[in-house]
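# Structural overview
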Amino acid sequence: MPLNNSSEGIQSAIMAALPSKKALKDELVTILRTELENLERAHQATKEAATHEEAKPENDKDTRALEQSYLARGQALRVEDLRTGLSDVSAMSLRDFADQPIALGALVQVEEDDRTLYLFITAYGGGNTLASGQVQVVTTKSPLGRALLGKREGDESEVKLTGKTRELSIVRVY
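Small disclaimer: the values here were computed from a predicted structure and weren't measured.

So, how was this worked out
Counting starts from 1 at the beginning of each chain's written sequence and moves along it residue by residue. Where totals are concerned, whole chains, interfaces and linings use all residues; where local detail is concerned, this predicted model gives features only for residues with pLDDT of at least 70, and gives and counts side-chain atom pairs only at 80 or more. Excluding hydrogens and water, the side-chain values take into account all heavy atoms of the structure. Strand pairing is defined by DSSP finding a minimum of two bridges between the two strands. In this description a helix means any DSSP run of H or I spanning at least four residues, a strand means any run of E spanning at least two, and both kinds are numbered starting from the N terminus. In this text, buried Ala, Val, Leu, Ile, Met, Phe, Trp, Tyr and Cys residues form a nonpolar core when linked through side-chain atoms within 4.5 Å. With a 1.4 Å probe rolled over the protein chains alone, any residue whose accessible area is under 20% of its type maximum counts as buried; one over 50% counts as exposed, and the rest are partly exposed. Contacts described as polar in this section are N or O atom pairs within 3.5 Å, which, within protein, must combine one atom able to donate a hydrogen with one able to accept it, while residues neighboring in sequence count only if both atoms come from side chains. Throughout, a contact is declared for two residues whenever any of their heavy atoms are within 4.5 Å.

### Digging into the pairing of strand E6 (residues 164-173)
Two strands pair when backbone bridges link them, and strand E1 (residues 107-112) and E6 are joined in this way by four bridges, in the antiparallel orientation. Following the sheet pairing, Val110 is matched in E6 by Ile170. Judged from the six bridges that link them, strand E5 (residues 156-161) and E6 form a sheet pairing that is antiparallel. Each bridged residue has a counterpart across the sheet, and for Lys160 the counterpart in E6 is Thr165.

Have a look at this one:
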């Protein structure tokens, strides 16, 4: 059987190699759950260290317990933020975006400087990579995510990140 070299045939082959959006979402949820478990353990250890007998100040200049309590408070806030993010991603609905503008739950294929990138638009978990590094998670709050929201296949998007302007061509929205 001859190989199909058409653009549509290549697109189909690429999408067949990528996991489904449900699999990407499930992978992200697993990553976030693991991160939450690790952070909760660290928070518990920090709380225990702040209230431990040995953390009591030896003099008025000893601030170990105070510093531990500040750290524990920061970790508690991070735990709550991560719980909210995990809940948001878990509840995120997935749909087909054929002929629809980019929104939460879209898998977007973009071209940038002759490179093809796959971006999964979510509410939380930006910066993570999924599917063995094939797909980058981008949040709707990030500059890149905001630049893509509402765009459609065939649109161009320009975003300035770290002082550099990036030009993206939106090839496909799944």
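More follows now that the structure is in view.
### Some details on the nonpolar core
As a rule of thumb, nonpolar side chains are buried together in soluble globular proteins. Of all hydrophobic cores here, the largest spans 21 residues; its most connected members are Leu24, Leu32, Leu107, Phe120, Leu130 and Val135. For this core, the elements supplying multiple residues, two or more each, are helix H2 (21-51), helix H3 (64-91), strand E2 (115-122) and strand E4 (135-139). Here this core takes six residues from H2, the largest share from any one element. Among the nonpolar cores identified, the runner-up in size contains 17 residues, and Ile102, Val159, Leu161 and Leu168 belong to it.

### What to know about the side chain of Ser157
Mapped onto the elements, Ser157 comes out in strand E5. Here Ser157 falls in the buried class, since its relative accessible area comes to 4%. At 3.1 Å, the side chain of Ser157 forms a polar contact with the backbone oxygen of Ala147. In this structure, Ser157 is in contact with Ala147, Leu148, Lys151, Arg166, Glu167 and Leu168, ignoring residues within four places of it in sequence.

### Considering the sheet that holds strand E3 (residues 129-130)
Strand order in the open sheet formed by six strands is E3-E4-E2-E1-E6-E5, with mixed pairing between adjacent strands. Unpaired on one side and paired on the other, E3 and E5 mark the two borders of the sheet.

### A short note on the side chain of Thr122
Structurally, Thr122 is set in strand E2. Taking the relative accessible area as the measure of exposure, Thr122 reaches 0% and is therefore buried. Within the structure, Thr122 has its side chain in polar contact with the backbone oxygen of Tyr124 (distance 2.8 Å).

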